[in-house]
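Residue-level structure breakdown
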Amino acid sequence: MCTVCGCGSGNVRVEGPEKAKPKYGGELHHHAHDHSQEHGSAHLHHYGTGRASASAPGISQSRMIQIEQDILSKNNSYANTNRRYFAERAIFALNLVSSPGSGKTTLLVETLKRLSETRHCYVIEGDQQTSKDADRIRATGVAAIQINTGKGCHLDGHMVGHAVEHLAPCDGGLIFIENVGNLVCPAAFDLGEAHKVVILSVTEGEDKSIKYPDMFAAADLMLLNKSDLLPHLDFDVEAAKENALRVNPDITILTVSACTGEGFDHWLTWIEAARTMKLAGHPVLSTAQ
Amino acid sequence: MHEMSLCENILEIITYQADQQAFSKVDLVRLEVGPLSGVEVEALRFGFDVVMRGSVAEDARLDILCPEATAWCQACETNVPILERYDPCPNCGAVSLQITSGGELRIKEMEVS
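Calculation notes
Residues numbered from 1 in each chain as written. Chains lettered and ligands numbered in written order. Predicted model: local features only at pLDDT ≥ 70, side-chain atom pairs only at ≥ 80, totals over all residues. Helix = DSSP H or I, 4+ residues; strand = E, 2+ residues; numbered from the N terminus. Rg over C-alpha atoms; globule rule 2.2 N^0.38 Å. Buried ≥ 20, exposed ≤ 12 C-beta atoms within 10 Å, placed from the backbone. Contact = placed C-beta atoms within 7 Å. Expected span 1.5 Å × (residues − 1). Nonpolar A, V, L, I, M, F, W, Y, C, P; charged D, E, K, R; others polar. Pairing = 2+ DSSP bridges. Core = buried A, V, L, I, M, F, W, Y, C linked by C-beta atoms within 7 Å. Axes fitted to C-alpha atoms, helices over the stretch in contact; angles between N-to-C directions. Parallel < 35°, antiparallel > 145°, perpendicular 65-115°, else oblique. Left-handed = near helix turned anticlockwise from the far one by under 90°. pLDDT = per-residue confidence, 0-100.

**Examining the overall build of chain B**
Across its full length, chain B holds two helices and six strands. Helices (α) and strands (β) of chain B occur, in sequence order from the N terminus, as α-β-α-β-β-β-β-β. Taking 113 residues into account, the globule formula puts the C-alpha radius of gyration at 13 Å, and chain B, at 17 Å, lies well above it. Projected onto its principal axes, the C-alpha coordinates of chain B cover approximately 55 × 25 × 15 Å. For chain B, buried positions account for 37% of its 113 residues. Contacts in chain B between residues far apart in sequence, at least 24 positions, make up 72% of those at least 6 positions apart.

Structure (structure tokens):
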């Protein structure tokens, strides 16, 4: 049983592009990517041989074993497998994270409308329940997979590995992973993406980045969304930027509105530039795409 | 919130080690959890008891070491202790320190029988 995503134990569902297709259930385990795990070799110390250095049969003796293993090592190895898969196929993957209601899906829909004519785009949607978000993405003509995490509060490397396998993206493609709306847990789980992009809407507080520093520290780009609402709000853009830079001095900040399209030129330019940097030297860059 | 799935990862490592090193009971699990690991220690303790039920680590004691977080201050050219990611240098007040430790999240050792 996969205890990372719980498949086999019931909560997680990967829902494919064909809507009528049942939950993958057992099929989930027929994935091609390498799931071999490196459980670091533990060093054994016997402390229980007794005063005379002799073991007495039938008497239980405790011993200490040194493990020194990262608790997230399994997720990290799945993430690295995904990262290798992406690198070999010149696929550029972004992990979009935010609190619920920041406008991630609308932002993604508007991004895909502008980008999908020139690039092969794919979307992995993470939510606890329903395929509503994947349905909205598919309406743009872009292939999307919905992962329902059940009780889970984040996507992990294993789930994304399965989803990528079902999407079967073409070489040079772009994958947008829309994580579960949660500013805490997704920060800890590497999915193999090139960058985390954190979305903060102006209807939230300016101090969100210092309240939830882990996520803003893990992200390379912050999109300050819903800028069209600024005239109606008492939101201090400069203070929001300052706070984010305090947590992460290297973060890039762009102000956008998925509603009016403000700032989208910069956002699309950032995607192209980051993709070029990531794929530098890969033959796919010198071909048509 | 993700402490529960971290406990499942811990159980998986324990179960693997139980098989590899032939033990049937875990008496103590010692973890190292840095203050910048994004983990709420009390939630981890709660999840641990729940997740370990029915396993070789049922009733195991959980010992959590919390090492200090440190960061490199360019101005002072030294490692300084910090409490949060965005803390300024306690000596000179400089900001944008380079974090050098505090994100630890690992199983250090176990007492088994």
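**Considerations on the overall build of chain A**
Of the regular secondary structure elements, chain A holds eight helices and ten strands. Burial status across chain A gives 45% buried among its 289 residues. In chain A, 73% of the contacts between residues at least 6 apart in sequence involve partners at least 24 apart.

**Brief notes about helix H1 (residues 3-21) of chain B**
End to end, H1 of chain B covers 26 Å across 19 residues, agreeing with the expected 27 Å (1.5 Å per residue, within 8%). All of the buried residues along H1 of chain B are Glu3, Ser5, Leu6, Cys7, Asn9, Ile10, Ile13, Ile14 and Gln17 of chain B.

**Thoughts on unusual backbone geometry**
A negative phi angle characterises most non-glycine residues, just as the trans form characterises most peptide bonds. Phi is positive for glutamate 68 of chain A, which is not a glycine, with a value near 50 degrees. Tracing the backbone shows glutamate 68 of chain A in strand E3 (residues 63-70). Here glutamate 68 of chain A falls in the partly exposed class, since 13 other C-beta atoms lie within 10 Å of it. Backbone geometry places glutamate 77 of chain B, a non-glycine residue, at a positive phi of 55 degrees.

**So, the interface of chain B and chain A**
Listed per partner, the contact involves 28 residues of chain B and 32 residues of chain A. It is H1 of chain B that contributes the most residues to the side of chain B that touches chain A, ten residues altogether. Of the residues belonging to the side of chain B that touches chain A, the class tally is eleven nonpolar, eight polar and nine charged. Where E3 of chain A meets strand E6 (residues 105-112) of chain B, six bridges bridge the pair, whose relative direction is antiparallel. Note that in E6 of chain B the partner of glutamine 69 of chain A across the bridge is isoleucine 107 of chain B.

**Some points on the nonpolar core**
Membership of the largest hydrophobic core comes to 90 residues, with the highest contact counts inside it found for Val123, Phe176, Ile177 and Val198 of chain A. If sequence neighbours within four positions are ignored, phenylalanine 176 of chain A has contacts with Leu94, Leu96, Leu108, Cys121 and Val123 of chain A. Within the second largest apolar cluster, six residues are counted, among which are Ala71, Cys73, Ile82 and Leu97 of chain B.

**Focus: the packing of H1 of chain B against helix H2 (residues 41-52) of chain B**
All names here are of chain B. Here H1 crosses H2 at 50 degrees, and the two axes come no closer than 8 Å. As far as their axial angle goes, H2 and H1 are oblique. Note that H1 runs across H2; the crossing there is right-handed. Where H1 abuts H2, its residues Glu3, Met4, Leu6, Cys7, Glu8 and Leu11 lie against Ala43, Leu44, Gly47, Phe48, Val51 and Met52. For the contact of H1 with H2, a count of residues per class yields nine nonpolar, one polar and two charged.

**Some thoughts on the sheet that holds strand E3 (residues 69-73) of chain B**
Residue and element names in this part refer to chain B. Pairing within the open sheet is antiparallel, and its three strands lie in the order E4-E3-E5. Looking at the sheet topology across the chains shown, the edges are occupied by strand E4 (78-82) and strand E5 (98-101). With direction set aside, neighbouring strand axes in the sheet form an average angle of 40 degrees. Two strands pair when backbone bridges link them, and E3 and E5 are joined in this way by three bridges, in the antiparallel orientation. From the neighbouring strand, alanine 71 faces E5, where its bridge partner is isoleucine 99.

**Some points on the confidence of the model for chain B**
Of the residues in chain B, 99% have a pLDDT of 70 or more, and the chain-wide mean is 93. Both scores are available for the predicted complex, with the pTM at 0.82 and the ipTM at 0.85.

**Some words on the environment of proline 90 of chain B**
Relative to the helices and strands, proline 90 of chain B is located in the loop between E4 and E5. Setting aside residues no more than four positions away along its own chain, proline 90 of chain B makes contact with Val80 and Pro81 of chain B.

**What about the environment of glutamine 146 of chain A?**
Relative to the helices and strands, glutamine 146 of chain A is located in strand E6 (residues 143-148). Between the C-alpha atom of glutamine 146 of chain A and that of valine 123 of chain A, which follows or precedes it by 23 residues, the distance is 8.5 Å.

**Describing the packing of helix H1 (residues 73-88) of chain A against helix H4 (residues 157-167) of chain A**
Residues and elements named next belong to chain A. Where H1 meets H4, the closest approach of the two axes is 8 Å, and the angle between their N-to-C directions is 30 degrees. Between H1 and H4, the crossing angle belongs to the class labelled roughly parallel. For the element pair H1 and H4, the recorded crossing hand is left-handed. Only Gly157, His158, Val160, Gly161 and Val164 of H4 make contact with H1, whose side of the interface consists of Asn75, Tyr78, Ala79, Thr81, Asn82 and Tyr85. Across the contact of H1 with H4, the residue classes break down as five nonpolar, six polar and no charged.

**Overview of the confidence of the model for chain A**
When pLDDT is averaged across chain A, the result is 84; 79% of the residues are at 70 or more. Confidence over residues 1-10 of chain A falls short of pLDDT 50; this stretch has 21 contacts with residues more than four positions distant or in other chains.

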